[in-house]
Amino acid sequence: MSATASTFSLKQIAFDFKEITKAGLAISVVFSSIAGYLLGVVDFQDLKVTTLLMLAVGGYCMVGASNAFNQVIEKDLDALMDRTKNRPVASGRMSPNHALFVASLLTITGLILLYLINPKSAMFGAISIFLYTSIYTPLKTVTPLSVFVGAFPGAIPFMLGWVAATNNFGIEAGTLFLIQFFWQFPHFWAIGWFLFEDYEKAGFFMLPTGKKDTSTALQTILYSIWLLVASLLPSLGFTGRLFISPIAAGIVFLLGLWMIFYAIKLYQLRTAKAARTLMLVSVSYITLLQIVYITDKFLR
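Reading guide: rules and limits
- Every chain is numbered independently, its residues counted from 1 as its sequence is written.
- Per-residue local features of the predicted model are confined to residues with pLDDT of at least 70, and side-chain atom pairs are confined, for both listing and counting, to 80 or more; whole-chain, interface and lining totals are unaffected and use all residues.
- Note that water and hydrogens are dropped before the side-chain values are worked out from all heavy atoms of the structure.
- Think of it this way: any DSSP run of H or I at least four residues long counts as a helix, any run of E at least two long counts as a strand, and we number them from the N terminus.
- The contact definition used throughout considers only heavy atoms, calling two residues in contact when any of these lie within 4.5 Å.
- By convention, a stacked pair of Phe, Tyr or Trp rings (six-membered ring in the case of Trp) has centres within 6.5 Å and planes under 30 degrees apart, an edge-to-face pair has planes over 60 apart, and any other such pair is tilted.
- Any Lys NZ or Arg CZ that is within 6 Å of a ring centre and within 35 degrees of that ring's normal is treated as a charge sitting over the ring.
- Only one rule defines a salt bridge in this text: a Lys or Arg side-chain nitrogen within 4 Å of an Asp or Glu carboxyl oxygen.
- For helices, the fitted axis covers only the stretch in contact; all axes are lines through C-alpha atoms, and the angles between them, taken along N-to-C directions, range from 0 to 180 degrees.
- Rotating anticlockwise by less than a right angle from the far helix to the near helix defines a left-handed crossing, while the corresponding clockwise rotation defines a right-handed one.
- We call Asp, Glu, Lys and Arg charged. Ala, Val, Leu, Ile, Met, Phe, Trp, Tyr, Cys and Pro are nonpolar, and the rest, Gly among them, are polar.
- The rule is simple: take the accessible area with a 1.4 Å probe, protein chains only, and divide by the maximum for that residue type; under 20% is buried, over 50% is exposed, in between is partly exposed.
- By this rule the span expected of a helix is its residue count minus one, scaled by 1.5 Å.
- A residue's bend is the angle separating two fitted axes: one through the seven residues that end there, the other through the seven that start there.
- Definition of nonpolar core: a set of buried residues of the types Ala, Val, Leu, Ile, Met, Phe, Trp, Tyr and Cys, connected through side-chain atoms within 4.5 Å.
- When an angle is under 35 degrees it counts as roughly parallel; over 145 it counts as roughly antiparallel; between 65 and 115 it counts as roughly perpendicular; any other value is oblique.
- Per-residue confidence from the predictor is reported as pLDDT, a score between 0 and 100.

## Description of the environment of I156
Position of I156 relative to the elements: it lies in helix α8 (residues 146-166). Taking the C-alpha atoms as reference, I156 lies 13 Å from L55; in sequence the two are 101 residues apart. If we ignore the near neighbours within four places in the chain, the residues touching I156 are F124, I127, S128 and F177.

Take a look at the structure:
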């Protein structure tokens, strides 16, 4: 094999690994886990770089494994949709057996790394993979409730970081879970809206009513409001060590209004463009919220 062919082959392997693990999504999940970890440690002196690295790599493995299993299960459906037809398994570049091997290796590696942090972290990682692949994935072609089920594994990363730092699941971890849980709905309904026709090709039910209608848009607004309420809970003094100052609460409140504004715009316009904008705003919201929480903690 020539050097050029070898380089191309390595590039293709790297590209397919990135695609099958959905690297962009996985990195955002790792960011949430790290944010939860930073909120969980008492102060910078308690921060352990080794634990942080195991959490980051282990978290990536967990998300990557879930996505790889998902792409094996949905390979025929992925081939029907424009946004997924070029995925490694759907396109035929990677065999299902090879993808299963990658998924299994990622699962084992991820669980070992999370277990080395503490057993609770490994348990939540395992629950996340099970719910995503065994319940959420099959339900996508059956009922719009699949988004509700998928919100559970999707809400674990923020909370997982806290558990990794404290070896404890209490009101603090539960609050972080609640925030990311409510966030899932406007985020994925926005995606389901602007990709409605593509999802329809595969028979996926991603919107609560199954249609791009007033009721779906209204529910998006309501869940955006619930998200804001959950995000402000740490300012009320009832969430243990998880606390944000009045200034941070004010910033979070403004972020929430920003999110609700674009949810209302979707209700008014009911266009793919409005839905895409809401999706982008929702990604910015959860990222900025986590940054505000962390910054507030270490500046207080």
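Moving on from the model shown.
## Focus: the packing of aromatic side chains
Each pair of aromatic rings is reported with the distance of its centres and the angle of its planes. Per the counting criterion, the structure on display carries 17 aromatic pairs. Their ring planes at 45° and their centres at 6.2 Å tell us that F152 and F177 sit as a pair that is tilted. Placement of F152 in helix α8 and of F177 in helix α9 (residues 171-194) is noted, with a sequence separation of 25 residues between them. Members of the aromatic cluster, joined through ring pairs, are F148, F152, F177, F181, F182, F185, W189, Y223 and W226. The ring of F204 carries K140 above its face, with NZ or CZ at 4.6 Å from the centroid. Above the face of the F194 ring, R276 is positioned so that its terminal group lies 4.3 Å from the ring centre.

## Thoughts on the pattern of salt bridges
One pass over the full model with this rule turns up seven salt bridges. R93 is the salt-bridge partner of D16, the closest N and O atoms lying 2.8 Å from each other. Taken together, the residues span a long stretch of sequence, with D16 in helix α1 (residues 3-20) and R93 in the loop between α5 (88-91) and α6 (96-117) at a distance of 77 residues. The partner of K212 in a salt bridge is E197, with the nearest N and O atoms 2.9 Å apart. Here the residue K212 occupies a position in the loop between α10 (196-202) and α11 (214-232), and E197 occupies one in helix α10, the gap between them amounting to 15 residues. Salt bridges sharing partners connect three or more residues here, namely D82, K85, D198 and K201.

## Comments concerning the packing of helix α2 (residues 23-40) against helix α3 (residues 49-73)
Taken N-terminus to C-terminus, the directions of α2 and α3 make an angle of 140°; their axes are 9 Å apart at the nearest point. For the crossing formed where α2 meets α3, the hand is right-handed. Together, A23, L25, A26, I27, V29, V30, S33, I34 and Y37 of α2 and T51, L52, L55, A56, G59, Y60, V63 and N67 of α3 make up the contact between the two elements. Partitioned by chemical class, the residues of the contact of α2 with α3 number 13 nonpolar, four polar and no charged.

## Some details on the side chain of N67
Turning to its location among the elements, N67 is positioned in helix α3. Judged by its relative accessible area of 2%, N67 falls in the buried class. When neighbours within four sequence positions are excluded, N67 is seen to be in contact with I20, T21, K22, L25 and Y132.

## So, α9
The terminal C-alpha atoms of α9, which comprises 24 residues, lie 36 Å apart, in line with the 34 Å expected from a rise of 1.5 Å per residue. At Q184, α9 shows its strongest bend, of approximately 25°, with the proline P186 following within four residues. With 20 of 24 residues buried, α9 is to be regarded as a mostly interior element.

## Points about the nonpolar core
By size, the foremost hydrophobic cluster in this structure holds 88 residues, and its most contacted members are L39, V252, Y285, L289 and Y293. If near-sequence neighbours (up to four positions away) are discounted, Y285 is found in contact with W183, L227, L228, S231, V252, L255, G256, W258 and M259. Counting residues in hydrophobic clusters, the runner-up holds seven residues, among them A23, V29, V30 and V63.

## Observations regarding the packing of helix α12 (residues 246-269) against helix α13 (residues 272-299)
Interaxial distance between α12 and α13 falls to 10 Å at its minimum, and their mutual angle equals 170°. What the angle tells us is that α12 and α13 run roughly antiparallel.

## A word on the confidence of the model for the protein
Of all residues in the protein, 97% attain a pLDDT of 70 or more, and the chain-wide mean is 93. Within the protein, α12 carries the highest mean pLDDT (98), whereas α1 carries the lowest (76).

## Some points on α12
Between the first and last C-alpha of α12 there are 34 Å, a value that for 24 residues agrees with the 34 Å anticipated at 1.5 Å per step. Turning to α12, the residues buried within the fold contact α9, α11 and α13. Phi for R270, located one or two positions after α12, is positive at around 50°.

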